[in-house]
Amino acid sequence: MPHPTSTPPIVVAAMYKFVTLDDAEALREPLRQTMLDNGVKGTLLLAHEGINGTVAGTREGIEALLAWLTADPRLRDIPHNAAHYKESYCDVPPFYRTKVKLKKEIVTLGMPGIDPNDTVGTYVEPEQWNALISDPEVLVIDTRNDYEVEIGSFEGAIDPKTATFREFPDYVREHYDPARHKKVAMFCTGGIRCEKASSFMLKEGFDEVYHLKGGVLNYLEKVPEAQSLWRGDCFVFDNRVTVRHDLSEGAFEQCHACRRPISVEDMNSSAYEPGISCPHCIDSLPEKTRAAARERQRQIELAKARGEPHPLGRDPRDTQR
């Protein structure tokens, strides 16, 4: 995978695969050490059901990590499958730390028995997505969380207004009926949530369940903007916060108190205090959380004064692609 000469030097690699990893615990430390040895930062999750995460580094560092992963036959196809792997580029490090975590699920739905390794919906290539979601008989659902949908979504897509992916099953059961909704199309940022959501919906009795291969990021890369049905920016789970249709960094920042994306208008609000509050959380954030935000912001300012980077930390939602 040669590095595009017109792009900045930092490679951001989002990857996942649903695959049975009985030895996830044993893989953790060797994987972490491989990342450290090659200067790769970010977070990877390991679970019995597979691997998921986003990391960043030099081209050489990312290639070394991929070489380690693909030496395992179970993970061999990750970098060659658009549904499992996506690259973008930036000129400022999007992560500050290197983490490999053990989890019960690589994307948290909270429903035992939902396994895309066993049952999964039909992948739809980005080039065929517009035709599918333009069909009036197709129910188009955005499986991402409310704070992501606010930034951008596909034209005509339904917003479930879920705060977390765990709320998705209840939302579907309350609003849709397999007997009436024969065709369902779903999408998410990188494809992983849709695999699990499609597995859930098939087990609920929905007949035709489709999901966008490689998620919104794959669509933005493959479909020309002039033909696109995407509206707005796409929220991403790193320090870029959002990307535009051309995958360049968007204009949004992030409130480090509530973790929601904030616009220029939000930052001009009297409710906005860097690192401490924004219009989304000024009236709702618990005082304990706000006190922690104040202290974190103080540490950030001290680090800036010393000319040192400060690891702001990431939202626990950062792997729900």
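If you're wondering where the values come from, they're calculated on a predicted model, not measured in any experiment.

Criteria and cut-off values
Residues numbered from 1 in each chain as written. Predicted model: local features only at pLDDT ≥ 70, side-chain atom pairs only at ≥ 80, totals over all residues. Heavy atoms only, no water. Phe/Tyr/Trp six-rings, centres within 6.5 Å; stacked < 30°, edge-to-face > 60°. Helix = DSSP H or I, 4+ residues; strand = E, 2+ residues; numbered from the N terminus. Buried < 20%, exposed > 50% of the residue type's maximum accessible area, 1.4 Å probe, protein only. Salt bridge = Lys/Arg side-chain N within 4 Å of Asp/Glu carboxyl O.

Participant: Explain the packing of aromatic side chains here, please?
Facilitator: Geometrically, a pair of aromatic rings is defined through the distance of the ring centres and the angle of the planes. Applying the stated criterion across every chain yields a total of 12 aromatic pairs. Judged by centre distance (5.2 Å) and plane angle (85°), the rings of Tyr147 and Phe235 are edge-to-face. Here Tyr147, found in helix α4 (residues 146-149), pairs with Phe235, found in strand β12 (residues 234-235); they are 88 residues apart in sequence, far enough to count as distant. Both rings, one in Phe187 and one in Trp230, keep their centres 6.5 Å apart while their planes meet at 85°; by these two values the pair is edge-to-face. Taken together, the positions of Phe187 in strand β9 (residues 183-187) and Trp230 in strand β11 (residues 230-232) put the pair 43 residues apart, joining distant regions of the chain. Like Phe187, the residue Trp230 is buried in the burial classification. An aromatic cluster is defined as three or more aromatic residues linked by ring pairs; in this entry it consists of Trp129, Phe154, Phe187, Tyr219 and Trp230.

Participant: What's the story with the pattern of salt bridges in this structure? I'm lost.
Facilitator: Side-chain pairing between opposite charges can occur once the charged atoms of the two side chains come close. Within the structure shown, the criterion is met by 19 salt bridges. The shortest N-O distance in the salt bridge between Lys196 and Glu49 comes to 2.9 Å. Of this pair, Lys196 sits in helix α6 (residues 192-203) while Glu49 sits in the loop between β2 (41-47) and β3 (50-57); the two residues are 147 residues apart in sequence, bridging distant segments of the chain. One continuous salt-bridge network, built from bridges that share partners, spans Asp23, Asp72 and Arg74.

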